[in-house]
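Chain residues, written in single-letter form:
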Amino acid sequence: MEQKNTIKEEIAKLIEVQKLDSEKFDLESQIEACPIKIEELDQLLELKKTHMLKSEEELKKLQVFKGEKETEMMAREEKIAKHKTDLYLIKSNKEYSALQQEIKSIEADVSLLEEEIIDCFDKIEEAQKIKDTAKAVFETEEKKIKEEKKSIQENKDQLMVKVDELEAKRKGLISKVDPSVLARYERLSKKKGKSALAKLSGGFCGGCNMQLRPQVVNDVQIQKDLVFCENCARILYVEE
Ligand SMILES: [Zn+2]
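These numbers were taken from a predicted model, which means no experiment stands behind them.

What about the overall build of the protein chain?
A tally of helices and strands in the protein chain yields four helices and three strands. Counting from the amino terminus, helix and strand elements in the protein chain follow one another as α-α-α-β-β-α-β. With the principal axes as the frame, the protein chain shows a C-alpha extent of 130 × 40 × 25 Å. Looking at the protein chain as a whole, 31% of its 240 residues are labelled buried. Sequence-distant contacts, at least 24 apart, represent 70% of the contacts inside the protein chain between residues at least 6 apart. When the accessible area of the protein chain is evaluated, it comes to approximately 16,700 Å², of which 53% is carbon and sulfur surface. The average position of the 45 basic charges and that of the 51 acidic charges among the side chains of the protein chain differ by 5 Å.

Details of the coordination of the zinc ion
The protein atoms donating to the zinc ion are C205 (SG), C208 (SG), C229 (SG) and C232 (SG), with metal-donor distances spanning 2.2 to 2.4 Å. Relative to the metal, the four donor atoms surrounding the zinc ion lie at angles of 105 to 112 degrees, and the coordination shape comes out tetrahedral. Donor residues for the zinc ion, ordered by position in the chain, follow C-x2-C-x20-C-x2-C. Each member of the pair, C229 together with C232, is buried.

Overview of the domain arrangement of the protein chain
Here the domain parsing of the protein chain yields domain 1 (7–11 + 20–177) and domain 2 (178–240). Interface area, domain 1 with domain 2, both sides summed: about 1,100 Å², of which 63% is carbon and sulfur. Between E186 and R170 there is a salt bridge, and its shortest N-O distance comes to 3.0 Å. Our enumeration of links across domain 1 and domain 2 arrives at three residue pairs in polar contact (both at pLDDT 80 or more). The greatest single-element share of the side of domain 1 that touches domain 2, amounting to eight residues, is contributed by helix α1 (residues 7–89). A per-class count over the side of domain 1 that touches domain 2 returns five nonpolar, one polar and six charged.

Thoughts on the confidence of the model for the protein chain
Taken over all residues, the pLDDT of the protein chain has a mean of 94, while the share at 70 or more is 98%. Mean pLDDT values for the elements of the protein chain range from 89 in helix α3 (residues 179–192) up to 97 in helix α2 (residues 93–174).

Looking at the environment of F121
Along the chain, the position of F121 falls in helix α2. Given a relative accessible area of 46%, F121 falls into the partly exposed group. Measuring from C-alpha to C-alpha, the distance between F121 and E56 comes to 16 Å, with 65 residues separating the pair along the chain.

Things to note about the pattern of salt bridges
Counting across every chain of the model gives 17 salt bridges. Between K135 and E139 there is a salt bridge whose closest N-O contact spans 3.5 Å. Taken together, the residues span about one helical turn, with K135 and E139 both in helix α2 at a distance of four residues. A relative accessible area of 42% places E139 in the partly exposed class. Here the salt bridges share partners, and the residues they tie into one network are K69, E72, R76, D109 and E116.

Details of the nonpolar core
With 23 residues, the main nonpolar core has I11, L14, Y185, L197, L226 and I235 as its most contacted residues. The dominant element in this core, judged by the number of residues it contributes, is α1, at seven residues. When residues of this core are assigned to domains, at least three fall in each of domain 1 (7–11 + 20–177) and domain 2 (178–240). For L197, the residues in contact, after removing those within four places along its chain, are L14, I15, Q18, Y185, R234, I235 and Y237. A198, L212, C229 and C232 belong to the second largest nonpolar core, which has eleven residues in total.

Here we look at the sheet that holds strand β2 (residues 204–205)
Here three strands make up an open sheet; going across it, the order is β2-β1-β3 and the pairing mixed. Each having just a single partner strand, β2 and β3 (235–237) make up the two edges of the open sheet. Relative to β3, strand β1 (residues 197–201) runs parallel, the two sharing three bridges. Opposite L197, over in β3, you have I235 as the bridge partner. Together, β1 and β3 form the strand contacts of α1, whose direction differs from that of β3 by roughly 110 degrees.

Reading the values: the criteria
- Residues numbered from 1 in each chain as written.
- Predicted model: local features only at pLDDT ≥ 70, side-chain atom pairs only at ≥ 80, totals over all residues.
- Heavy atoms only, no water.
- Helix = DSSP H or I, 4+ residues; strand = E, 2+ residues; numbered from the N terminus.
- Buried < 20%, exposed > 50% of the residue type's maximum accessible area, 1.4 Å probe, protein only.
- Contact = heavy atoms within 4.5 Å.
- Areas by Shrake-Rupley, 256 points an atom, 1.4 Å probe, with all protein chains shown as cover.
- Lys, Arg positive; Asp, Glu negative; His and termini not counted.
- Charge placed at Lys NZ, Arg CZ, Asp CG, Glu CD.
- Donors = N, O, S within 2.8 Å, 3.2 Å for Na, K, Ca; no water.
- Tetrahedral: all angles 85-135°; square planar, octahedral: opposite > 155°, others 65-115°.
- Domains from an automatic or database assignment.
- Buried area = accessible area lost by both parts, 1.4 Å probe.
- Salt bridge = Lys/Arg side-chain N within 4 Å of Asp/Glu carboxyl O.
- Polar contact = N/O pair within 3.5 Å; in protein donor to acceptor, adjacent residues only side chain to side chain.
- Nonpolar A, V, L, I, M, F, W, Y, C, P; charged D, E, K, R; others polar.
- pLDDT = per-residue confidence, 0-100.
- Core = buried A, V, L, I, M, F, W, Y, C linked by side-chain atoms within 4.5 Å.
- Pairing = 2+ DSSP bridges.
- Axes fitted to C-alpha atoms, helices over the stretch in contact; angles between N-to-C directions.

Structure below.
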């Protein structure tokens, strides 16, 4: 034979349900935060990667530039060598001194190029250091973030198991609550978020802090029927 719960018993069960719902709400917030944390970590890693790729590019650019200068210098050195051979073949003094002048001018170019190439060596050495550091930072970070993501995922899995457990517990609990009382609770909790129940506290609603009429306070204390806050509509209860 089914025995009907008293209002007091119904409320005691609803308090339990609300406790589970509140726990579930917290767990779900934690679960929702997981992909956001993972995304933040991915973005952080992407930044390190961009820095690494940029430093690689910078190094490559310097190496290409140095190669070009070396080619240029070699071409000029060849020209000098050729002109020096040509000097032997020249008959007129005027032509001879003109060619000597030309050689001097090319030699000045070569000397400038040499300076530029030496400068490149320093810059390349510096860029190489920056690139090596950026690569090491990226690799360390990549490893660390991989671990962190794994632990976030594991934590999320555990939280989801806990949510399932709470849901099973809740199912068992609500099967013993009067369906019409439960329906009111569900409607309210959907609207109010975490709390559909509010404790009476010194004549005030514990949900919205409004002062209640003496008659309402009295009705809550009698526990003959469900009583709702006239302001926020939460189900009011007294703690024994
Ligand atoms: Zn209220």
